[in-house]
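Read off the chains here:
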Amino acid sequence: MPAERNPRLARIGGALLDLRRRRAPITLARPGAAALSKLDRETVRRIARLARIRVEENEFEPLAGELSKILGFVEQLSQVDTAAVEPLAAINGLTLPWREDRVADGGKADDVLANAPARAQGYYAVPKVVE
Amino acid sequence: MTAANLLTLAQAAKALRARSLSARELTRACLDAIAKAGALNAFVTVTPERALADAERADARLAKGEARALEGIPLAIKDLFCTQGVKSTAASRILGEFVPPYESTVTEKLWAAGATLLGKANLDEFAMGSSNETSAFGPVVNPWRRQGDNRKLVPGGSSGGSAAAVAAGLCLGATGTDTGGSIRQPASLTGTVGIKPTYGRCSRYGIVAFASSLDQAGVFARDVADAAILLRETAGHDARDSTSAKLPVPDFAAAVEAGVKGLRIGIPKEYRVEGMPAEIEALWRQGMAWLKDAGAQAVDVSLPHTAMALPTYYIIAPAEASSNLARYDGVRYGLRVADDDLVTQYEKTRAAGFGKEVRRRVLIGTYVLSAGYYDAYYLKAQKVRALIARDFVDAFKACDLILAPTAPNAAFAMGEKADDPIGMYLNDVFTVPANLAGLPGLSVPAGLSAEALPLGLQLLGRPFDEATLFAAGREIERRAGLFPVSDRWWEAAP
């Protein structure tokens, strides 16, 4: 069904307009809405582990507050009805090109390793990971 | 006579060809201006030897009558572009000593056109910021100050060093990148012209990635004609960037004087946001009056999902950043904080290498992409993004261009928004939609605020129609005039 004739989408405009009358959708002041999902320090610990960033014990609490505020801000999106919308995959209709599976470049091991913090015998060197 | 470093690019190119000015003299003038501008902190790295060697080669070609489009033109390059053999840091500690063994396509094209590298311009770390205060190498200072007030102001961001260098006459033009407004907003805050072309117009090869579906290279200049020349020389298809568009590049410089007669200029009603200063609104109206005077007509258009652009951006950009920045692991390049355990080494390296704003965005991005949250955040944002893009498709059925303010405010004082991430994000309220929709946007200085600070107007166009942006930008510029910095206070600063 073409999106323009979708009754659901027609309501989106209406809902947004209503919203605009009640609460300004964009306000240049800091939004005061409470975060829907408030992150606790354990969640921040888990995210930091996933992101491989060490966070000091005394930073979890303030970070949880900062990140919750940002999430509260982006959660405005839940107000938009997107039931009939395909997620955007390509911009300006650009499609990815094909090329032949052929080596076009190479033989630059020294260049590739030039910025390595540690190397050994033409390889990157890391701490032992397998006993 | 105007000092050589304050000439426009077009004027300098003419003087170089007439041999009334040598590339060496011009480069020297810029290097001298840079040496006196330490207080602005616009550069991470200055490359005087390279600049003078480039200038010498340019003079040789000029002498033989073999000058190329940018022969002998000294430029600043945002330190997000990899330059072979020249440190490229992304203003991050994690890349603090990184010397790329290869050249970005955009800079390769500039050197192939004869341009001279003066140095690498400061920026927000990994281009994440709107004030250039997140740089690991210290903030950039705006050459502009409020009337009767000596407080230091931000130049905007993330391409703050590029914008400040162009505004202060330290170079004749500069490159930038724009993921959510990082060219247009600093252009507005420094009285310079900045263009973010259509997504796919310039190659992203060799540019340190922030959010790959939004990142686009562009340029800064002191007038519209110069920006058109620079964009012409940097744009074009590149097989090394799979999202680069296989389309011919029009001669943008030839389009600058095309005029706007008969064009329909869309005024999006949703951009009249609550809390917008009256002077910004007045400037916007003035801009429309100028375009009408030039023969265009105004039409009201609607972009219903405008309010959702910032929240959409602050899901998609951190998500892509968390993925792109996973490569900084202390193994292949960049900083390493050694540890006997590999995972601990990753964690320590990234904790030491990333600044606060980068860490914040990587964590948010990791969260919104994590199991159980992907649909609620990332997929939702990509759907709303589709609606935002469609708003523009619909609007461009009724108009040829859209006119809006570039930023909701003039330059603000350093530190003013540093502890308020969301307040800072709101600076990009008018610029972010173009990135989400992949559209070209041009910021042109159009007036001064009550405090005598420059304010820009933004023109948004159809995909790959940068030519019309330049033509309309020129009509605004013709009526608004140029906004050179009059007080070179930083040259007296200790």
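Structure shown above.
Our subject in this report is the structure included herewith. Keep in mind it's a predicted model, so treat the numbers as computed, not measured.

## What to know about the overall build of chain B
Here is step 1 of the chain: Counting secondary structure elements, chain B contains 16 helices and 11 strands.
Here is step 2 of the chain: For chain B, the C-alpha radius of gyration of 21 Å lies close to 23 Å, the compact-globule estimate for 494 residues.
Here is step 3 of the chain: Referenced to the eigenvectors of the C-alpha coordinate spread, the extents of chain B come out at roughly 65 × 55 × 50 Å.
Here is step 4 of the chain: Counting every position in chain B, which comprises 494 residues, the buried fraction comes to 69%.
Here is step 5 of the chain: In chain B, once contacts between residues fewer than 6 apart in sequence are set aside, the share between residues at least 24 apart is 78%.
Here is step 6 of the chain: A total accessible area of about 15,200 Å² is found for chain B, and carbon and sulfur atoms account for 51% of it.
Here is step 7 of the chain: Looking at chain B, you have 54 positive and 53 negative side-chain charges, and the mean spots of the two groups are 2 Å apart.

## Some words on the overall build of chain A
Here is step 1 of the chain: Secondary structure summary: chain A contains four helices and two strands in total.
Here is step 2 of the chain: Taken from the N to the C terminus, the helices and strands of chain A come in the order α-α-α-α-β-β.
Here is step 3 of the chain: Residue burial in chain A is summarised as follows: out of 131 residues, 28% are buried.
Here is step 4 of the chain: On chain A, roughly 9,200 Å² of surface is accessible, and the fraction owed to carbon and sulfur atoms is 53%.

## Concerning the packing of helix H7 (residues 224-234) of chain B against helix H16 (residues 466-480) of chain B
Residues and elements named next belong to chain B.
Here is step 1 of the chain: Their axes nearest at 9 Å, the elements H7 and H16 cross at an angle of 160°. With respect to each other, H7 and H16 are oriented roughly antiparallel. Once H7 is placed against H16, the crossing between them reads as right-handed. Only Glu466, Phe470, Gly473, Arg474 and Glu477 of H16 make contact with H7, whose side of the interface consists of Val224, Ala227, Ala228 and Leu231.

## A word on helix H5 (residues 160-167) of chain B
All names here are of chain B.
Here is step 1 of the chain: Burial analysis of H5 places eight of its eight residues in the buried class, which makes it a mostly covered element.
Here is step 2 of the chain: Where H5 is concerned, the buried positions are Gly160, Gly161, Ser162, Ala163, Ala164, Ala165, Val166 and Ala167.
Here is step 3 of the chain: Close packing links the buried residues of H5 with strand S1 (43-46), strand S2 (74-78), strand S3 (116-121), strand S4 (173-177), helix H6 (184-190) and strand S6 (217-221).
Here is step 4 of the chain: Looking at the residues trailing H5, positive phi occurs at Gly169, about 70°.

## Thoughts on the pairing of S2 of chain B
Put simply, side chains in a regular strand alternate between the two faces of the sheet.
Residues and elements named next belong to chain B.
Here is step 1 of the chain: The element S2 is largely enclosed, with a buried count of five among its five residues.
Here is step 2 of the chain: What you see with S2 is no split at all: Pro74, Ala76 and Lys78 on one side and Leu75 and Ile77 on the other are buried throughout.
Here is step 3 of the chain: Summarising the sheet, S2 and S3 pair through five bridges and their orientation is parallel. Residue Pro74 lies in a different strand from S3, and its bridge partner there is Thr116.
Here is step 4 of the chain: Here two bridges tie S2 to S4, and the two strands are oriented parallel to one another. Bridging from a neighbouring strand, Ala76 pairs with Ala174 of S4.

## Here we look at the pattern of salt bridges
Residue and element names in this part refer to chain B.
Here is step 1 of the chain: All told, the structure shown has 43 salt bridges over all chains when counted by the stated rule.
Here is step 2 of the chain: Between Arg479 and Glu475 there is a salt bridge, with the nearest N and O atoms lying 2.8 Å from each other. Highlighted residues: Arg479 and Glu475, both in helix H16, separated by four residues, approximately one helical turn.
Here is step 3 of the chain: Exposure remark for Arg479: the relative accessible area of 26% places this residue in the partly exposed category.
Here is step 4 of the chain: Through salt bridges with shared partners, a single network forms among Glu257, Asp293, Arg474, Glu475, Glu477, Arg478 and Arg479.

## Digging into the nonpolar core
All names here are of chain B.
Here is step 1 of the chain: Membership of the largest hydrophobic core comes to 198 residues, with the highest contact counts inside it found for Phe126, Leu170, Leu291, Phe392, Leu403 and Phe470.
Here is step 2 of the chain: Ranked by the residues each element gives to this core, the list is headed by helix H13 (residues 375-398), at 11 residues.
Here is step 3 of the chain: Those residues in contact with Leu403 that sit more than four places away from it in its chain are Ile265, Gly266, Ile267, Pro268, Trp284, Gly287, Met288, Leu291, Leu457, Gln458, Leu459 and Ile476.

## Notes on the packing of aromatic side chains
Residues and elements named next belong to chain B.
Here is step 1 of the chain: Inspection of every chain in the model, using the stated rule, returns 16 aromatic pairs over all chains.
Here is step 2 of the chain: On the basis of an interplanar angle of 75° and a centroid distance of 6.0 Å, the ring pair of Phe126 and Phe354 is categorised as edge-to-face. Here Phe126 is found in the loop between S3 and H5, whereas its partner Phe354 is found in the loop between helix H11 (342-353) and helix H12 (356-369), with 228 residues between them in sequence.
Here is step 3 of the chain: Classification of Phe354 as buried rests on a relative accessible area of 4%.
Here is step 4 of the chain: The interplanar angle of 55° and the centroid separation of 5.9 Å between the aromatic rings of Tyr367 and Tyr377 together place this pair among those described as tilted.

## Re unusual backbone geometry
Here is step 1 of the chain: Note the cis peptide between Gly157 of chain B and Ser158 of chain B, where omega equals 10°.
Here is step 2 of the chain: Structurally, Ser158 of chain B is set in the loop between S3 and H5.
Here is step 3 of the chain: Positive phi is not limited to glycine here, since Arg52 of chain A has a value of about 55°.
Here is step 4 of the chain: Phi is positive for Asn41 of chain B, which is not a glycine, with a value near 55°.
Here is step 5 of the chain: The topology assignment puts Asn41 of chain B in the loop between helix H2 (23-35) and S1.
Here is step 6 of the chain: What makes Asn41 of chain B partly exposed here is its relative accessible area of 24%.

## Quick look at the side chain of Lys196 of chain B
Residues and elements named next belong to chain B.
Here is step 1 of the chain: Position of Lys196 relative to the elements: it lies in strand S5 (residues 193-196).
Here is step 2 of the chain: From its side chain, Lys196 meets the backbone oxygen of Leu439 in a polar contact 3.0 Å long.
Here is step 3 of the chain: If we ignore the near neighbours within four places in the chain, the residues touching Lys196 are Asp178, Ile183, Arg184, Gln216, Ala434, Asn435, Gly438, Leu439, Pro440 and Gly441.

Reading the values: rules and limits
- Residues numbered from 1 in each chain as written.
- Chains lettered and ligands numbered in written order.
- Predicted model: local features only at pLDDT ≥ 70, side-chain atom pairs only at ≥ 80, totals over all residues.
- Heavy atoms only, no water.
- Helix = DSSP H or I, 4+ residues; strand = E, 2+ residues; numbered from the N terminus.
- Rg over C-alpha atoms; globule rule 2.2 N^0.38 Å.
- Buried < 20%, exposed > 50% of the residue type's maximum accessible area, 1.4 Å probe, protein only.
- Contact = heavy atoms within 4.5 Å.
- Areas by Shrake-Rupley, 256 points an atom, 1.4 Å probe, with all protein chains shown as cover.
- Lys, Arg positive; Asp, Glu negative; His and termini not counted.
- Charge placed at Lys NZ, Arg CZ, Asp CG, Glu CD.
- Axes fitted to C-alpha atoms, helices over the stretch in contact; angles between N-to-C directions.
- Parallel < 35°, antiparallel > 145°, perpendicular 65-115°, else oblique.
- Left-handed = near helix turned anticlockwise from the far one by under 90°.
- Pairing = 2+ DSSP bridges.
- Salt bridge = Lys/Arg side-chain N within 4 Å of Asp/Glu carboxyl O.
- Core = buried A, V, L, I, M, F, W, Y, C linked by side-chain atoms within 4.5 Å.
- Phe/Tyr/Trp six-rings, centres within 6.5 Å; stacked < 30°, edge-to-face > 60°.
- Polar contact = N/O pair within 3.5 Å; in protein donor to acceptor, adjacent residues only side chain to side chain.

Purely geometric numbers; function is a separate question.
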